[in-house]
Every structure is written in C-alpha cells, then in structure tokens.
Amino acid sequence: MSLRLTTNPNPNPNEREKRRTIDLGEGSEIIYVPRLLPYDESWKLFDYLDKEIPWTRPLIHVYGRSCVQPRDTCYFAAEGLPELQYYKPHAYSWDDYPPLKEILTAVHDALPGSSFNSLLLNRYKNGSDYVAWHADDEKVYGPTPEIASISFGCEREFLLKKRPSKKTSQVQIPTSRREEQPATKRLKISSQNGQHSFVLKHGSLLVMRGYTQRDWLHSVPKRVKADAVRINLTFRRVEISIENSKKPTFPC
Ligand SMILES: O=C(O)CCC(=O)C(=O)O
Ligand SMILES: [Mn+2]
C-alpha cells in the first residue's frame, strides 16, 4: 500500500495557525498540530495499521509484578539498536511496512532536524484500554528526548502532570501564562492545577521535547465513553552510544 502522503504540514493557513507550542517551563515543551495528516488519508492509514500490524498484548514484569499490558502494542526499530529496558519487544523492520515510512517522512518534514529510528505503536480497543502515568525516560533516549506522537481513530484524552523531582521543585504553571493562550479551549487543550489535557484528534501530531520526560509524567486514562479503536504511534530516537540503561518509570 502506498498513500503518497503529501505532508502537510499545513496545506492551508487555518491549519498552520493551529500549530501550538506549549511552554511547560524549565525547558520542557509540547508542540501540538491538530491535523498533521489529511483526514481521509488518516482513515486509510488507520485501516492499514489496524489490519496489518502484528499486534500483541504482552505480559509486562515490573517491580516484581506481572500484568497484561492494557492495550495492544508493536515495536519497530532500525537494525542494531540497543534493547529497551521496560520490556523487550521483538523489533520489526519498517522496510516491510511502507506506510510507516511515509508517516515517518511526514513527521520528519514537520520537525526539521529530527531523525527518529524507532517506533512504538499502541492500539486502544475502547475506553477500557489505557496507558498509566509514566515517562519515556529510558537512558537509551538520552537526557532530552524528542518524542513524536501521531494519533488515529477515536479521540482520547492525553494528560501531563509535573512529577516530583530532586532536580527541580514542583512549580505550578502561572495563571497568567495560561491566559496567554486564548485558542487552547477551541483546540480542546486545557490546564488545571498544573496538569495539562489534550484531546488528541484523528491525524494529529503531539511532540514532547526538552526535559518533558525528566520532569513530567503522561498518561491516556480510561474513558468509559470512548467506544471505538484508537491507534497511536510514538516515534523516538535511540542513541546508540548509551549503555547501562536505567529502569524507566513505567508501571504498566
Ligand atoms: O497513546 C498515547 O497517546 C501515548 C502512548 C505512550 O505514552 C507510550 O507509548 O509511551
Ligand atoms: Mn509515553
């Protein structure tokens, strides 16, 4: 299947205006593009990913406990990269899945200078599937990883909250800064008590960068009203030279 994706970013000025940068403070930043990929092409990609990706629902072992991961998953990586620590998935090659490379090109076009070499996919079959609070802070990603997240299908809420840290104190986002972003409500982005919420749209791109993985946790909580499938792709860069990876903050 080839979709010949013409990357947006941004065929018309309205879409371009909707690219938002949210400064979380102290070197952490989120970028949100509500429509990176055109709507109809995004549905074709959804169907392709739903049918063709070799999804599994693995058993995860953390802190001496085992649990079935509450979502389907699949991992792709360039050859020769170090393994992940929180679980050791089989690494597929995206050479065998051309649409993944087309999405990757779209992401690289939207984020000049980026160069992702691995991809974790998640499929949430309905609102009972979720990802718990965690940070993608594996040492193999380096101290300030850029993580690009593309969503397809059912809209789900993506939450960010500050995590207590020895390195930085717990700081609330000042109300004044929240008010500097008048369009956030229209885009279904909100912040309360220092917690940020994004409703991730079909075909959207959300990027976490800077110290977001060190200083913040993120989650996609259960939502009883979400009654359809959502597929999410997170592109990451594994640094080849980093050894002795530490255990990440990933409960389930
Ligand atoms: O599904 C999402 O939007 C987030 C997934 C995620 O955080 C992860 O796989 O690490
Ligand atoms: Mn994550």
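Residues numbered from 1 in each chain as written. Chains lettered and ligands numbered in written order. Predicted model: local features only at pLDDT ≥ 70, side-chain atom pairs only at ≥ 80, totals over all residues.

Caption draft 1: The arrangement of the sheet that holds strand β14 (residues 216–220) in detail. One open sheet accounts for 5 strands, arranged β8-β14-β10-β12-β11; its pairing is antiparallel. Whereas interior strands pair on both sides, the edge strands pair on one side only; in this sheet they are β8 (131–134) and β11 (189–192). Strand-to-strand twist in this sheet, taken as the mean axis angle between neighbours without regard to direction, amounts to 15°. Relative to β14, strand β10 (residues 156–162) is paired through 4 bridges, and the arrangement is antiparallel. Bridge assignment links Leu159 to a residue of β14, and that residue is Ser219. (Pairing = 2+ DSSP bridges. Helix = DSSP H or I, 4+ residues; strand = E, 2+ residues; numbered from the N terminus. Axes fitted to C-alpha atoms, helices over the stretch in contact; angles between N-to-C directions.)

Caption draft 2: Up close: the UniProt feature "binding site: 2-oxoglutarate" (unreviewed entry) in the protein chain. The UniProt record marks Asn122, Tyr124, His134, His218, Arg230, Thr234 and Arg236 with the feature "binding site: 2-oxoglutarate" (unreviewed entry), using the residue numbering of this structure. Take His134: it is sitting in strand β8. Structurally, Thr234 is set in strand β15 (residues 230–236). Leave out the neighbours within four places in its chain, and Thr234 touches Leu120, Ile147, Ala148 and Ser149. (UniProt positions renumbered as here; feature names shortened; annotations may be inferred. Contact = placed C-beta atoms within 7 Å.)

Caption draft 3: Structural context of the site of ligand 1. Neighbouring residues of ligand 1: Leu120, Asn122, Val131, Asp136, Ser149, Phe158, Leu200, His218, Val220, Asn232 and Thr234. Of all the secondary structure elements, the ones that give two or more residues to the shell around ligand 1 are β7 (118–124), β14 and β15. Of the residues contributing to the shell around ligand 1, the split by class is 5 nonpolar, 5 polar and 1 charged. (Near = placed C-beta within 6 Å. Nonpolar A, V, L, I, M, F, W, Y, C, P; charged D, E, K, R; others polar.)

Caption draft 4: Structural detail: the sheet that holds strand β5 (residues 72–77). Strand order in this open sheet of 8 strands is β1-β2-β13-β9-β15-β7-β5-β6, and the pairing throughout is mixed. Pairing within the sheet leaves two strands with one partner each, and these edge strands are β1 (20–25) and β6 (91–92). Examined bridge by bridge, β5 and β7 share 6 bridges and lie antiparallel to one another. Bridging across to β7, Cys74 finds its partner in Leu121. Sitting on the sheet, helix α2 (residues 39–52) is in contact with β9 (147–153) and β15, with an inclination near 95° to β9.

Caption draft 5: Here's a closer look at the UniProt feature "binding site: substrate" (unreviewed entry) in the protein chain. Under the present numbering, the feature "binding site: substrate" (unreviewed entry) in UniProt falls on Asp137. Checked against the element boundaries, Asp137 lands in the loop between β8 and β9. Judged by the 22 C-beta atoms lying within 10 Å of it, Asp137 falls in the buried class. (Buried ≥ 20, exposed ≤ 12 C-beta atoms within 10 Å, placed from the backbone.)

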